[in-house]
Amino acid sequence: MTGAESLIRTLIDSGVEVCFANPGTSEIQFVIALDKIEGMRCVLGMAETVVTGCADGYARMAEKPAATLLHCGPGLANGIANLHNARRANSPMVNIVGDQATYHRPFDPPLSADTEGLARAVSHWVRRSGSAQQVSSDGAAAVQAARTPPGQIATLIVPADVAWGEGSGPAAPLPVAVRPQVAPEVVRAVARILRSGEPVMLLLNGQALGEAGLSAAQRIAHATGAKLRTPTQVPRMARGRGRVPVERVPYVVDTALNVLAGLKHAILVGAKPPMGFFAYPGKPSLMTPQDCVMTVLARPEQDAVAALQWLADEIGAPRFVPVKEAGLKPAIASGPFDSEAFGMTLAALLPENAIVCDDAVTSGRALFPATFNAAPHDWIQSTGGAIGHGLPCATGAAVACPDRKVVCLQADGAGMYTLQALWTQAREKLDVVNVVFANRIYKILFGELRSEGAEPGCASNTFFDLGRPDLDWVRIAQGMGVEAARVGSLEGFADMFRAACGHRGPFLIEFRI
Ligand SMILES: Cc1ncc(C[n+]2csc(CCOP(=O)(O)OP(=O)(O)O)c2C)c(N)n1
């Protein structure tokens, strides 16, 4: 059995079931091994940033890692933007990166690169496998690292001769660490803050955004008057009717400062202190007031749900608190695109248990409150700010959850980064409705420019205007085997979305704005 075969068998034995890939010559041994072995679904992404984005979406929904197979340093480099997004979401992932044979490397062949350096930039765990005998135990260690809470990026670099050499057979899976519990004195200290009567906000992220975490947080809010918020971007959140509606910290700095004004305590539950997305002249980096004290209830790797439940009991909160309706009433709107009206329309039509993947940029700003009362769903977003996340992330989520409808909300400029994911959706017959917000500009950047007091000139119009020629998303999608249609109004969208949800398989709706 080759090293490659030993590694693939190890991954399967360790619970890795899907391999998103774009292989080359140095990964041929893995492809040969995958031809022979059952138990690993192989999915081709026609660009590495599609591959890594798919693995991110898969991990968020499957709550376990997929493998990626990437070609040498340059292949890994192409995947880095979405590895960055995955790292920021604490998504578990095992990257297998092929490389030059050990004895060939000194000749500096064309694809030689600082593969470790590239890997280190976005991975929590990096190893270059030293021998065919060792590669399977390296693989088991990679899966263990990836599954270490809260989820990590593990990258194993495998020289070609390690892959083709005589392997030692599959290595046994290694134990997976459980989330450490929060110390009792931390829970008691936070309880004291909550009893102080001073204005408190719980900032919830990661594990705390599941149904159990949100319910426990709501018990605390109900008993103490503490406010609840999530960060501006959520990696995955349980939402919709019956789930606790928690708003995000707004993206726009002045709005965020207003929302958090007067706070005396921010309790971090798997979350970071709320910072601005960027710095702006004369504006603070932190969105909390200067005299607001930051206290960590649970770090991202800790058991935030248990900590919240414990805290709720400690302060004597009632066991069951009914969910209060918040947000707007779902209703099909009409007329031209407007983010809030679109959200209400989407909320009226969203299928039960859907997965919403949001890379909608400015078109998505008002969607959160407008969809609190939609049918129960999960919402996933890019948490790393690197655009081009939506289409591949939705693709990976659909691989993870074949029985759920995935709705991808994609801004057009960001969508152009990874449009090849549509081809993967068609090839794998994935159940995704993609909605492209075709405003044909980088709207957010025009906004940033104007907020600096400037007016667009020739350069900004060149850089931020995506027209001349206009993109035709219907033909782009059709060219990749995805059925598509264009709408220009909310009522037109409603009809098309209803029809698209009525059948299985990928579909794209271009919403001309
Ligand atoms: C990888 C990466 N490259 C560039 C940027 C900078 N950037 C942020 S938003 C944006 C344009 C977004 O335009 P679009 O997706 O059309 O959304 P809109 O602003 O029109 O809603 C760009 C280029 C980024 N965030 N990430």
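Trainee: Which residues make up the sheet that holds strand 5 (residues 125–128), and what values go with them?
Mentor: The strand order 2-1-3-4-6-5 describes an open sheet built from six strands, whose pairing is parallel. Each edge of the sheet is formed by a strand with only one pairing partner; in this case those strands are strand 2 (41–44) and strand 5. Strand-to-strand twist across the sheet, computed as the mean angle between neighbouring axes with direction ignored, equals 20°. The sheet strands contacting helix 3 (residues 48–62) are strand 1 (18–21), strand 3 (67–71) and strand 4 (93–99), and the helix crosses strand 1 at an angle near 155°. Across the sheet, helix 6 (residues 115–122) lies against strand 4, strand 5 and strand 6 (153–159), angled at about 165° from strand 5, the strand it touches most.

Trainee: How would you sum up the packing of helix 3 against helix 5 (residues 80–88)? Please name residues and give values.
Mentor: Any two packed helices are characterised by the angle at which their axes cross and by the distance between the axes. At a minimum axis separation of 7 Å, helix 3 and helix 5 run at an interaxial angle of 20°. By the angle between their axes, helix 3 is roughly parallel relative to helix 5. Judged by the twist between their axes, the crossing of helix 3 over helix 5 is left-handed. Residue-level contacts link T49, T52, G53, D56 and R60 of helix 3 to A81, N82, L83, N85 and A86 of helix 5.

Trainee: I'd like a description of helix 21 (residues 490–501), backed by residues and values.
Mentor: For the α-helix, the turn length of 3.6 residues means that residues three or four positions removed from each other point alike. Taking 1.5 Å as the rise per residue, helix 21 with twelve residues should run 16 Å; its terminal C-alpha atoms sit 16 Å apart, in good agreement. Those residues of helix 21 not exposed but buried are L490, F493, A494, F497 and A500. Within helix 21, the buried residues cover an arc of 135° as seen down the axis, which keeps them to one side. Where helix 21 is buried, its residues contact helix 13 (339–349), strand 14 (406–411), strand 15 (432–438), strand 16 (483–487) and strand 17 (507–512).

Trainee: Explain the nonpolar core to me, and be specific about the residues and the numbers.
Mentor: Judged by nonpolar contacts, the single largest core of 65 residues is most densely connected at L202, L204, L297, L308, F342 and L409. Not counting residues within four places of it along the chain, the set of residues in contact with L297 comprises V182, V186, V187, V190, I267, L268, V269, Q302, A307, L308 and L311. Counting 51 residues, the second largest nonpolar core, distinct from the first, contains F20, L391, A398 and A426.

Trainee: Any chance you could break down helix 7 (residues 135–146) for me, citing the residues and the numbers?
Mentor: Counted at 1.5 Å a residue, the expected span for helix 7 with its twelve residues is 16 Å, and the 16 Å between its end C-alpha atoms agrees. Among the residues making up helix 7, those that are buried are V135, S136, D138, G139, A140, A141, A142, V143, A145 and A146. Against helix 1 (3–13), strand 4, strand 5, strand 6 and helix 8 (160–164) lie the buried residues of helix 7.

Trainee: How would you explain the pattern of salt bridges if you had to name every residue and give the values?
Mentor: Overall, the coordinates contain 29 salt bridges when judged by the stated rule. The residue D470 makes a salt bridge to R440 at a minimum N-O spacing of 3.5 Å. Note that D470 is positioned in the loop between helix 19 (458–464) and helix 20 (473–479) and R440 in the loop between strand 15 and helix 18 (443–451), a separation of 30 residues in sequence. One network of salt bridges, in which partners are shared, links R440, D470, D472, R475, R486, E510 and R512.

Trainee: Now, about empty space enclosed by the protein: what can you tell me, with residues and values included?
Mentor: Under the definition given, this model contains one cavity of 30 Å³ or more. Space inside the largest cavity adds up to approximately 40 Å³. Residue lining of the largest cavity: L7, I8, L11, C19, F30, A67, T68, L69 and I96, and that is the complete set. For the lining of the largest cavity, the secondary structure elements donating two or more residues are helix 1 and strand 3. Here the residues of the lining of the largest cavity sort into eight nonpolar, one polar and no charged.

Rules used throughout
Residues numbered from 1 in each chain as written. Predicted model: local features only at pLDDT ≥ 70, side-chain atom pairs only at ≥ 80, totals over all residues. Heavy atoms only, no water. Pairing = 2+ DSSP bridges. Helix = DSSP H or I, 4+ residues; strand = E, 2+ residues; numbered from the N terminus. Axes fitted to C-alpha atoms, helices over the stretch in contact; angles between N-to-C directions. Contact = heavy atoms within 4.5 Å. Parallel < 35°, antiparallel > 145°, perpendicular 65-115°, else oblique. Left-handed = near helix turned anticlockwise from the far one by under 90°. Expected span 1.5 Å × (residues − 1). Buried < 20%, exposed > 50% of the residue type's maximum accessible area, 1.4 Å probe, protein only. Arc of directions from axis to C-beta. Core = buried A, V, L, I, M, F, W, Y, C linked by side-chain atoms within 4.5 Å. Salt bridge = Lys/Arg side-chain N within 4 Å of Asp/Glu carboxyl O. 1 Å grid on protein atoms, 1.4 Å probe; cavity = no way out; pocket = protein on both sides within 12 Å on 5 of 7 lines; lining within 4 Å. Points joined across faces, edges and corners; volume = space filled by probe spheres on them. Nonpolar A, V, L, I, M, F, W, Y, C, P; charged D, E, K, R; others polar.

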